[in-house]
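Commentary on secondary and tertiary structure
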Amino acid sequence: MSELEQRGDRTPIPSAWEYAPAPESREIVELRERYGLFVGGEFVEPRSGEYYTTLDPAQEEPLAEVPQAGPDDIRLAVETAREAYDNGWSAAPAAERAKYLFRIARILQERSREFAVLESLNGGKPIRESRDVDLPLAAAHFFYYAGWADKLEYAFPNRRPRPLGVAGQIIPWNFPLLMLAWKIAPALAGGNTVVLKPAETTPLTALHFGDVLRQAELPPGVVNIVTGDGRAGAALVKSDVEKIAFTGSTEVGKAIQRELAGTGKKLTLELGGKAANIIFDDAALDQAVEGIVNGIYFNQGHVCCAGSRLLVQESIYEPVIEKLKRRLTTLRVGDPLDKNTDVGAINSRQQLDKIEELVAAGKNEGAEIYQPPCRLPEKGYWFAPTVFTNVAQSYRIAQEEIFGPVLSVLTFRTPDEAVEKANNTPYGLSAGVWTEKGSRILWMAERLQAGVIWANTYNRFDPASPFGGYKESGFGREGGRHGLEPYLEFEGAEAFGG
Amino acid sequence: MPSSEGYTQPMAQAPALPTGFELPLEPRLPRIGAVDQVAVEARATDLSRRSIKREAKLFALDLAVRMMDLTTLEGADTPGKVAALASKAIRPDPSDSSIPSVAAVCVYPNLVQPAKERVAGTGVKVASVATAFPSGQSPTDLKVAEARRVVELGADEVDMVIDRGAFLAGRYAKVYDEIVQVKEAAHPSHLKVILEVGELGTYDNVRRASLLAIAAGADFIKTSTGKLSSSATLPVTLVMLEAIRDVFEETGRRVGMKPAGGIRNAKQSVQTLVLVHETLGLDWLTPDLFRFGASSLLNDVLMQIRKEKTGRYQSPEYFTLD
């Protein structure tokens, strides 16, 4: 028990209340030493013969060896997907497709704890998030699109939707399983088959998902999972697919768009962001501070729609910053598998380097940095939650996406100025508005150039709600009927010039 | 001094800023402020998911006992019943002498003297309700007189109720003045002000009532009388703790908080303590600034302590009812 300090004639006040470690057990995950590619319903050795090691970023410990898919492997996977499409999947009754999607959703729910632990282990995010956000949402996406699979004519009345064929999908490392669900569910619901490449640093939940597909008895070849670094992704982009769906950095997104120009392949891109979280002086302050914290420290800031710029009305600047700094001292940074951890590990050495570089730039440019006292573990990739005040719009930390737990604070005076500053960025993925005034929420929503706008909340997702960006945050939407559309072609579209 | 005949001002006045809260000269946060319901409930839920085990849990359970106001507020209370309660308050678990006494017993005015006799010489305080508890629907002068009387009878602490009728009718100045008068009458005993959150309707109102009670001199703000079905939920507790935090940050004054009613088991009490810990910090983790108003909670806490210490759950038969 903690020691009590005596204080005169007052009842002793404790000197500390340490929460005992509350680790979620790793036992539930059966890691293999070495994985194969999931092609044609089986785990197969890569033709390239190459493997690489994937790590646990919290300990820098190796977890397993996974294949580096070479051009032949990609070609085989695409051919397999095409065969599966031609020989059964495209002609299968829609209710059959729905059946498999429902099964997958159900199995994910049943194996939820296992996948949550694996996601935290391989990616670094707190178990509380993978358990309470990633897994439930992933299952929800499969349930949602299972419902649409046999109702496409109702989703697009009079447009006679048809599947495209084979979709190549490339996903990032920040929400590995969830991004997989966002991609695979609508593709399958539309009647397509898939070759999916998870991110280099987070292949494991995607590979274990292959096991879920076998459990669901999904016809072999309908979904294929190929692992590897950027080279595998590039090969997939160039391969004989009808569609590419990419979520990742703006830079790579642009490269893909250039590569696909003139090929007739369809493309959707979900790229980066530098979202403004806008706090007006009539906002519910304590809750707004929670919203700020959730906006940028959730998932260590590895979120494309993160509220990385705080735009606070100047008249309440001081109280908000005071409350924010105080709130940061109660954030618990540590072992992702501890149920009490709020902020986990940075996903990779590479990302940590990038964060450190931009934070150094911020300091050089003259911004003021605040970090709460934090005991960071010795091994692993860690960065303390950070706030920069005195930030000018032109600083790199206000313009470039840091993709880490780093917040830049700017002020505004009027709603017009808030809109101006919020929109003054090449990105346009998301924004947050905090005010008690309903009319102002609607007014701001009309003017903000962001694909997703949250009012008095942040980072809320639902499979029925379309997600995607304006400007350099990409094009196309995921979720809702809008998320189905990119995976379909519409007969008679020529007649309407579409 | 306001007339003791009660108030005849017209209803639904603009809310008066209570004295003691001057209009700030520099641009500062709007003092009263608002609370977002969805967000505060989400925050309370998040905090309730903290995993508190082993030593951390024992620490919390021990605190919970030391912070308890063991309560009986029934028409059928007798000196005998109160004597038994007081004995339990002093020595909650006869088989474990390491379990501390609770903070106080809380009773109706007529039972103050028997309670006082029973706890004499121990550290346990006697708290009495007053001011036409639980409704508060009585003329001000009578309520003030009742408060004065229970202090004369020996109560160390007075738990008053605010006039919710006046509050909901917008007559905040009346609510405020009443608290000021009761505080004066209760001196030197300390004053807890019961807001009866279940009747206030919104979190915004809970925050306003909290700030108003504090401005009027409350030593503690308390959620409920325990006589309504809806009482101390985690979000409501959080709203009150945040109001207390704002007052402390701006003035340095520390006000205590007491959730009453609705906390029936040890788990809920630990969750509440997590809320206090992460909102107000260690300084509030003391019976001087935090109490649980409870009756059945104590036995569940004792059972959990026994389980943490021995590794096994004991049957409820082994814990005395009082």
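Residues numbered from 1 in each chain as written. Chains lettered and ligands numbered in written order. Predicted model: local features only at pLDDT ≥ 70, side-chain atom pairs only at ≥ 80, totals over all residues. Heavy atoms only, no water.

A short note on the overall build of chain B
Counting secondary structure elements, chain B contains 12 helices and 8 strands. Radius of gyration (C-alpha) of chain B: 20 Å, near the 20 Å computed for a compact globule of 322 residues. If one aligns the C-alpha atoms of chain B with their principal axes, the spans along those axes are about 60 × 45 × 30 Å. Here chain B holds 322 residues, and 57% of them are scored as buried. (Helix = DSSP H or I, 4+ residues; strand = E, 2+ residues; numbered from the N terminus. Rg over C-alpha atoms; globule rule 2.2 N^0.38 Å. Buried < 20%, exposed > 50% of the residue type's maximum accessible area, 1.4 Å probe, protein only.)

So, the packing of helix α1 (residues 37-48) of chain B against helix α10 (residues 234-251) of chain B
Residue and element names in this part refer to chain B. Viewed as axis vectors pointing N to C, α1 and α10 meet at an angle of 105 degrees, and their least axial separation amounts to 8 Å. Between α1 and α10, the crossing angle belongs to the class labelled roughly perpendicular. For the pair formed by α1 and α10, the contact residues are Val40, Glu41, Arg43, Ala44 and Ser48 on the first element and Leu234, Pro235, Leu238 and Val239 on the second. (Axes fitted to C-alpha atoms, helices over the stretch in contact; angles between N-to-C directions. Parallel < 35°, antiparallel > 145°, perpendicular 65-115°, else oblique. Contact = heavy atoms within 4.5 Å.)

Some remarks on helix α14 (residues 415-423) of chain A
All of the buried residues in α14 of chain A are Glu417, Ala418, Val419, Ala422 and Asn423 of chain A. Considering only its buried residues, α14 of chain A is in contact with β13 (276-279), β14 (309-313), β17 (406-412) and α15 (438-447) of chain A.

Examining the pairing of strand β12 (residues 266-270) of chain A
Residues and elements named next belong to chain A. Judged by how many residues are buried, β12 sits mostly within the fold: 4 of 5 residues are covered. Note on the crossover from strand β11 (residues 243-247) through helix α9 (residues 250-260) to β12: the handedness is right-handed. As judged from the 2 bridges shared by β12 and strand β20 (residues 474-475), these two strands associate in the antiparallel manner. Following the sheet pairing, glutamate 270 is matched in β20 by glycine 474. (Right-handed = clockwise from strand over helix to strand, strands pointing away. Pairing = 2+ DSSP bridges.)

Brief notes about the pairing of β11 of chain A
All names here are of chain A. Of all 5 residues in β11, 5 are buried; the element is thus mostly enclosed. The alternating pattern of β11 places Lys243, Ala245 and Thr247 and Ile244 and Phe246 on opposite faces, both of which are buried. In the sheet, β11 pairs with β12 via 5 bridges, with the strands oriented parallel. Counterpart to isoleucine 244 in the pairing with β12 is leucine 267.

Observations regarding the confidence of the model for chain A
Note that predicted coordinates carrying low pLDDT should not be read in detail. Of all residues in chain A, 96% have pLDDT values of 70 or greater, and the mean over the chain is 94. Segment residues 1-9 of chain A: pLDDT under 50, and 14 contacts once partners within four positions in sequence are set aside and those in other chains are kept. (pLDDT = per-residue confidence, 0-100.)

Comments concerning the state of the cysteines
The final tally for this structure, using the stated rule, is 0 disulfides over all chains. Of all cysteine sulfurs, the one in cysteine 305 of chain A lies closest to cysteine 304 of chain A, which takes part in no disulfide; the gap is 4.7 Å. (Disulfide = S-S within 2.5 Å.)

Regarding the nonpolar core
Counting residues in each nonpolar core, the largest one holds 105 residues, and the members touching the most others are Phe142, Phe209 and Leu310 of chain A. Top contributing element to this core by residue count: helix α6 (residues 176-189) of chain A, with 11 residues. Those residues within four positions of phenylalanine 142 of chain A in sequence are excluded, and the remaining contacts are Leu101, Ile104, Ala105, Leu108, Leu180, Ala181, Ile184, Ala185 and Phe209 of chain A. Listed in part, the 99 residues of the second largest apolar core include Trp17 of chain A together with Ile162, Ala186 and Ile244 of chain B. (Core = buried A, V, L, I, M, F, W, Y, C linked by side-chain atoms within 4.5 Å.)

Considerations on the sheet that holds strand β18 (residues 430-434) of chain A
Residue and element names in this part refer to chain A. With mixed pairing, the 7 strands of this open sheet are ordered in space as β15-β16-β17-β14-β13-β18-β19. At either end of the open sheet lies a strand with only one pairing partner, and these are β15 (368-370) and β19 (452-455). Averaged over all pairs of adjacent strands, the angle between strand axes in this sheet comes to 20 degrees, irrespective of strand direction. Inspection of the sheet shows β13 paired to β18 by 4 bridges, in the parallel sense. Directly across from isoleucine 279, in β18, lies its bridge partner tryptophan 434. On top of the sheet, α14 reaches β13, β14 and β17; it is set at about 170 degrees to β14, its chief contact.

Things to note about the pattern of salt bridges
One pass over the full model with this rule turns up 60 salt bridges over all chains. Between lysine 379 of chain A and glutamate 61 of chain A there is a salt bridge, with its nearest N and O atoms 2.7 Å apart. Of this pair, lysine 379 of chain A sits in the loop between β15 and β16 (386-389) while glutamate 61 of chain A sits in strand β6 (residues 61-67), and the two are 318 residues apart along the sequence. For lysine 379 of chain A, a relative accessible area of 42% puts it in the partly exposed group. Since its relative accessible area comes to 35%, glutamate 61 of chain A is described here as partly exposed. For lysine 174 of chain B, the salt bridge goes to aspartate 163 of chain B, with nearest N and O atoms at 2.6 Å. On the criterion of sequence distance, the pair formed by lysine 174 of chain B in helix α7 (residues 172-186) and aspartate 163 of chain B in the loop between β4 (157-161) and α6 (164-168) is long-range, its members being 11 residues apart. Like lysine 174 of chain B, the residue aspartate 163 of chain B is buried in the burial classification. In the salt-bridge network here, residues are joined through shared partners; they are Asp69, Glu157, Asp159, Lys192, Lys222, Lys258 and Arg291 of chain B. (Salt bridge = Lys/Arg side-chain N within 4 Å of Asp/Glu carboxyl O.)

So, the packing of aromatic side chains
All names here are of chain A. Under the definition given, this model contains 20 aromatic pairs over all chains. Ring geometry for phenylalanine 175 against phenylalanine 298: centres 6.1 Å apart, planes inclined by 35 degrees, an arrangement best described as tilted. Of the two residues, phenylalanine 175 is situated in the loop between β8 (166-170) and α6 and phenylalanine 298 in the loop between α10 (285-297) and β14; the sequence distance between them amounts to 123 residues. Phenylalanine 175 sits in the buried class, given a relative accessible area of 6%. Taken together, the ring pairs connect Trp182, Trp454, Tyr458, Phe461 and Phe467 into an aromatic cluster. Here arginine 34 stacks its cationic end above the ring of tyrosine 51, 3.7 Å away from the centre of that ring. (Phe/Tyr/Trp six-rings, centres within 6.5 Å; stacked < 30°, edge-to-face > 60°. Lys NZ or Arg CZ within 6 Å of the ring centre and 35° of its normal.)

Brief notes about the confidence of the model for chain B
Residues and elements named next belong to chain B. Per-residue confidence for chain B gives a mean pLDDT of 89, with 90% of residues at or over 70. With pLDDT under 50 throughout, residues 22-30 is counted as low confidence; its partners more than four residues away or in other chains account for 12 contacts. This complex was scored by the predictor with a pTM of 0.90 and an ipTM of 0.87.

Focus on unusual backbone geometry
Note the cis peptide between phenylalanine 133 of chain B and proline 134 of chain B, where omega equals 0 degrees. By the element assignment, proline 134 of chain B lies in the loop between β3 (125-129) and α5 (140-152). Residue histidine 187 of chain B is joined to proline 188 of chain B through a cis peptide bond whose omega torsion reads 5 degrees. Residue placement: proline 188 of chain B occurs in the loop between α7 and β5 (190-194). A positive phi angle, near 45 degrees, is found at arginine 160 of chain A, a position not held by glycine.

Considering the interface of chain A and chain B
Chain A puts 39 residues into the contact, and the matching count from chain B is 39 residues. A buried area of about 3,500 Å², summed over both sides, lies between chain A and chain B, and 53% of it is on carbon and sulfur atoms. Inspection of the region where chain A meets chain B yields 6 salt bridges. Here arginine 326 of chain A makes a salt bridge to glutamate 249 of chain B, at a shortest N to O gap of 3.3 Å. Scanning the region where chain A abuts chain B turns up 14 residue pairs in polar contact (both at pLDDT 80 or more). Those elements that provide at least two residues to the side of chain A that touches chain B are β2 (10-14), α4 (127-149), α10 and α11 (317-328) of chain A. The element that contributes the greatest number of residues to the side of chain A that touches chain B is β2 of chain A, accounting for 5 residues. Tallied by class, the residues present in the side of chain A that touches chain B amount to 14 nonpolar, 8 polar and 17 charged. (Buried area = accessible area lost by both parts, 1.4 Å probe. Polar contact = N/O pair within 3.5 Å; in protein donor to acceptor, adjacent residues only side chain to side chain. Nonpolar A, V, L, I, M, F, W, Y, C, P; charged D, E, K, R; others polar.)

Observations regarding the sheet that holds β4 of chain B
All names here are of chain B. Pairing within the open sheet is parallel, and its 8 strands lie in the order β7-β6-β5-β4-β3-β2-β1-β8. Here the strands that pair on one side only, and so sit at the sheet edges, are β7 (256-258) and β8 (292-294). Averaged over neighbouring strand pairs, the angle between their axes works out to 25 degrees when direction is ignored. Relative to strand β6 (residues 220-222), β5 runs parallel, the two being bridged by 3 bridges. Looking across to β6, one finds that isoleucine 194 is bridged to lysine 222.

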